[in-house]
Every structure is written in C-alpha cells, then in structure tokens.
Amino acid sequence: MNAASQDEADKAAARRAARAIDALRRGWPIGVEANGSRLNLLPVETGALEQALPSSGSVSLLISASRADTLKLLNQLAAADPSLPIQIRLPAPVSAAEIIAIVDPVLDMKYPMKGPFRSEPLSDPAAARAAMELARHAALLPAFLIVDEAEDVVGVDDVAAYAESSALTISAHAKLPVAANSEAHIYGFRSDADATDHIALVVGKRDGSTPVVRLHSECLTGDVLGSLKCDCGPQLHAALHQMSEATWGVLLYLRQEGRGIGLINKLRAYALQDQGFDTVDANQRLGFAIDARDFSIAARMLDLLNVPKVKLMTNNPEKVEGLEACGVTVEERLPVKIAANPHNEFYLDTKRERTGHQL
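Report follows, based on the coordinates. (Residues numbered from 1 in each chain as written. Predicted model: local features only at pLDDT ≥ 70, side-chain atom pairs only at ≥ 80, totals over all residues. Heavy atoms only, no water.)

## Structural notes on the pattern of salt bridges
Applying the stated criterion across every chain, the model contains 14 salt bridges. For the salt bridge of Arg16 with Asp158, the shortest nitrogen-to-oxygen distance reads 3.0 Å. Of the two residues, Arg16 is situated in helix α1 (residues 3–26) and Asp158 in helix α6 (residues 156–162); the sequence distance between them amounts to 142 residues. For Asp158, a relative accessible area of 7% corresponds to the buried category. (Salt bridge = Lys/Arg side-chain N within 4 Å of Asp/Glu carboxyl O. Helix = DSSP H or I, 4+ residues; strand = E, 2+ residues; numbered from the N terminus. Buried < 20%, exposed > 50% of the residue type's maximum accessible area, 1.4 Å probe, protein only.)

## Some thoughts on the sheet that holds strand β1 (residues 30–34)
Here we have seven strands laid out as an open sheet, ordered β5-β4-β3-β6-β2-β1-β7, and mixed in their pairing. Every interior strand has two partners, whereas the edge strands, β5 (118–120) and β7 (152–155), have only one. Each strand axis lies, on average, 40° off the axis of its neighbour in the sheet, ignoring direction. The sheet strands contacting α1 are β1, β2 (37–43), β6 (143–146) and β7, and the helix crosses β7 at an angle near 130°. (Pairing = 2+ DSSP bridges. Axes fitted to C-alpha atoms, helices over the stretch in contact; angles between N-to-C directions. Contact = heavy atoms within 4.5 Å.)

## Things to note about the packing of aromatic side chains
Counted by the stated rule, this structure contains zero aromatic pairs. Taking the ring centre of Tyr270 as reference, the NZ or CZ of Lys229 above it sits at 5.1 Å. (Phe/Tyr/Trp six-rings, centres within 6.5 Å; stacked < 30°, edge-to-face > 60°. Lys NZ or Arg CZ within 6 Å of the ring centre and 35° of its normal.)

## Considering the pairing of strand β4 (residues 86–91)
Pairing analysis gives six bridges linking strand β3 (residues 58–63) to β4, with the strands arranged antiparallel. Bridge pairing in β4 links Ser60 to Arg89. Here β4 runs beside β5; their pairing, made up of three bridges, is antiparallel. Note that in β5 the partner of Arg89 across the bridge is Arg118.

## Examining the packing of α1 against helix α5 (residues 125–137)
Interhelical geometry of α1 versus α5 gives an angle of 70° and a closest axis separation of 9 Å. Viewed along their axes, α1 and α5 adopt a mutual orientation that is roughly perpendicular. For the crossing formed where α1 meets α5, the hand is right-handed. Contacts from Ala17, Ile21 and Leu24 of α1 reach α5 at Leu134, Ala135 and His137. (Parallel < 35°, antiparallel > 145°, perpendicular 65-115°, else oblique. Left-handed = near helix turned anticlockwise from the far one by under 90°.)

## Looking at the sheet that holds strand β9 (residues 184–190)
Across a sheet, paired strands are connected by hydrogen bonds in the backbone, their directions being either parallel or antiparallel. With mixed pairing, the seven strands of this open sheet are ordered in space as β8-β9-β10-β12-β11-β13-β14. Edge positions in the sheet fall to β8 (169–175) and β14 (329–334), since each of these pairs with one other strand and no more. Across this sheet, the average inter-strand angle for adjacent strands is 25°, counted without regard to direction. Direction of pairing for β9 relative to strand β10 (residues 198–204): antiparallel, over a ladder of six bridges. Bridge pairing in β10 places Ala184 opposite Val203. Seen against the sheet, helix α13 (residues 317–325) touches β11 (212–217), β13 (309–313) and β14 and runs at an angle of roughly 170° to β14.

Structure (structure tokens):
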C-alpha cells in the first residue's frame, strides 16, 4: 500500500472510531471487532438499560479492572492481566438502578451492599480493552452491558488510529493580545476525526532562543470558574506572566479535562473527594488511570510550531518524561510556585505524598 492509500485507510479507521464514540455518547450499542469475533456493548451510563435488560436468565457486564478491584473481584481471576477489564455475570431480573449502582463509585456509600458477583472469562480481551479506551474518549464511565446486536462496528485498530496525534494540523491562526502580554498569537489545532480543538498561545517576540513552555490541561472549574479545589487557574495565569518576563513562550492549552477523563467524570472525582478519597484514588475508583493525558498531542503541536526544544514550566517530572519520549528536548524544568488555600491544601498535599511531586 502506497503512502496516499495508507493515509486514506488511517483516516477511514479514525472515522469509524469517531462514529463509535459518538454512538456511545448517544447511548447506542457498538460492536468491537477483534480476532475475527465481535463484542456487542451498550454503554451503562447513556444506554437505555431498562429496554435491554432481560427478565430472566443472566446479564453480563464489562467493567474496568480498578472498579472490579473495588468490588473485590480481581482475586477470582488470578491468572488474568491485571490491566484487563473484568466481565461479570448477574442473575436476571436486575434493574437499571442496580446496574448503575454497581458501576458508579460515587454511589458506593449510598448502596454499600453489592454482590457477591461472579466473574467469567472475557469474551474477547482485545475488544474489551479497546472498549475501555473508547469509553474514555467518550468521557463516559468505563462500563458496558454485553448485548446481542449493534449497528455501529469498530475494530481495535480503528481505536489506535483515532488517537494518532500525527493527524493533528493547524487550522487557524490570529493575533490575540492578552492581559499578560499584548504581543501574542493564538493557534488552533484539530484532526480529521477528533472534534476536540487544542490551542497554543505564543507569547512575546519569537527569536532563536529556547521558549518557556507550559502544558496546561483544560480545567473549566479552575480556569473559568475560579475553583478553589485545585491550583489550575493560578498556575495558568502564573505561567503566562512568567512567559512575559522571558523572551518568549508557548502555552499549550490541551483539551484533556480532568487529566484526560472528561468534565463529567472529573465532577464525579470531586464527589469522591468530598467522600474522603484523594484525587489519585478518585480517578482509579472511577476506572481510569491516575493520569490519562496524551503527551504526544503536545509534542505534535510543538512540532507544527517548529519548537524542537523547550524550557518546561511544571512541577511534574512525568510531563518532562512524557514530552521527551515523544522527541521533544527539555532543556530545563522550571517550577511553578502557587500558594495553597484551605480548600485545596489536602488536594495538593495528597498529590505530593502519592506522587512525590506536585502535578
């Protein structure tokens, strides 16, 4: 296959994944194909569960490994890959409310008595893993009801094509004077399949020196509403002012809310924090990785801006590792010092304790 044909094939694959993600957000079942078989799944969060649940027999659910751990299920499959989802079977009839209580950790205190559950072999491990990734892209709880039929079909390779950062391109550019510096330009980035738009703000007058760069994941509650639960808003504005004091800088505003889990799931994480869980435990109890951000997107944006090396503003060494793994040279790590407040003191302290640094 020549380069042009491969490019078209990759675009077609990414579009299939995009349609599957859209179907999940609308509550429609999807089929995930792998190894010649298909796993048909209905998203628990958005699907019409009452119509899909049988009145007799049994019901099979697909849930994340970390959610299964909370439900004390992993020890039933000692030989399984600990990162794989878990498939459980329940006797019917079972109500939609009962299914939601099983998969949503925010409801654990309200409905503490669940189970016992019976785990069973995965119908298709590769398809199950891809389904969890699709749920994350759709910003839904990673939980599915296994069903008999689905109209929209996606392959495991399609999911990888959707997440391919090389498809990102610069779609718009304009001057944008900002409060921190009137000499600024804004760039908009998007890809063929992913409807998410990322932004870069180039601050100051560009020259041959290494720019000060900040990777900032979108935080609606902190950046826009001034939430005191995190330090995102203050870090954003401190970064812009620090760039203004340097020769020039680049703010990469990544649309990866909640470290890649989406706004609604981040609000669920807030609810779990109110119940006493720290931010790391909250993400894991929801069924996601501690940090689900994709640093290859930031690397691609820098490449399109012709920025091969940076002075990175971050308190998180993992951002340095993530960028360097994608081919960006980090000459220096510059700390961002933000004072804690009574509402985020616990949040910041637990991040330091659990990770050894601020995030």
